[in-house]
Amino acid sequence: MTLRFTVYGSPAPQGSKRVVSAGRGSGGRAVLVESSAAVKPWRQAVCYAAREAMMELSTSDVQPNVWLFPMTGPISATMVFTLLRPASAPKKRLWPDRKPDIDKLSRSTFDALRDAGLIEDDARIVRLEAWKIFSRPWGFPRSTDQEVMIFDRQLRLFELDTPGAVIEIRSL
């Protein structure tokens, strides 16, 4: 089974957690808090899009009345994160080879997929293909480098005009 869906919003990395005091009367307990405020809206957007895609597939004529989720067993994941090109980035820079780290983007997305009930556990993912690309406004020039052009053709299937991600999850 393969499920492909689009998430709109600014992809946010799962950062480190920081320790804060739980406050007076807590007996000196500490609480772990996410260090990035952008993670929560991103994870919510991924959850929403994943649940919509699951609902669509579960009610389709292909496999009616079959509960397919959470996916268990080995899983393959393909994710293409479309990032907004910073105004300060030179036009010759074709790839977003700066922060956020792709592994942290993947981590926040996997946690959201688990929270949505799409996958049982992110440990089930045995194959991962992840890309970061810039959103390309209409008419923005593409690379003339042969190697980049090969990747470019493959990525057009996943390319968005605005920040977000196209995610494909497949049972192996």
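Above this text sits the structure in question.
All of these numbers come straight from a predicted model, not from anything done at the bench.

Undergrad: So what exactly am I meant to see when it comes to the environment of Leu-83 here?
TA: The topology assignment puts Leu-83 in strand 4 (residues 75-83). Judged by its relative accessible area of 9%, Leu-83 is buried. When the C-alpha atoms of Leu-83 and Pro-163 are compared, they prove to be 4.9 Å apart, with 80 residues separating the residues in sequence. Every residue in contact with Leu-83, bar those within four places of it in the chain, is listed here: Pro-11, Pro-96, Pro-100, Lys-132, Ile-133, Phe-134 and Ser-135.

Undergrad: Which parts of the structure should I look at to understand the nonpolar core?
TA: Nonpolar side chains tend toward joint burial in soluble globular proteins. The biggest cluster of nonpolar side chains holds 30 residues, and the ones touching the most others in it are Phe-5, Leu-113, Leu-118, Ile-167 and Ile-169. Elements represented by at least two residues in this core include exactly strand 1 (2-8), helix 1 (39-58), strand 4, helix 2 (102-116) and strand 6 (164-171). A per-element tally of this core places helix 1 first, with 8 residues. Not counting the four nearest positions on each side in its chain, Ile-169 is found in contact with Met-1, Thr-2, Leu-3, Met-71, Ile-75, Ser-76, Ala-77, Leu-113, Leu-118 and Ile-119. If you look at the next biggest cluster of nonpolar residues, it comprises 6 residues, including Val-80, Ile-133, Phe-158 and Val-166.

Undergrad: Would you mind going over the side chain of Arg-43 with me for this structure?
TA: Secondary-structure assignment places Arg-43 in helix 1. On the basis of relative accessible area, Arg-43 is assigned to the buried category, the value being 18%. With sequence-adjacent residues up to four places away left out, Arg-43 is seen in contact with Gln-14, Ser-108, Asp-111, Ala-112, Arg-114 and Asp-115.

Conventions adopted
- Residues numbered from 1 in each chain as written.
- Predicted model: local features only at pLDDT ≥ 70, side-chain atom pairs only at ≥ 80, totals over all residues.
- Heavy atoms only, no water.
- Helix = DSSP H or I, 4+ residues; strand = E, 2+ residues; numbered from the N terminus.
- Buried < 20%, exposed > 50% of the residue type's maximum accessible area, 1.4 Å probe, protein only.
- Contact = heavy atoms within 4.5 Å.
- Core = buried A, V, L, I, M, F, W, Y, C linked by side-chain atoms within 4.5 Å.

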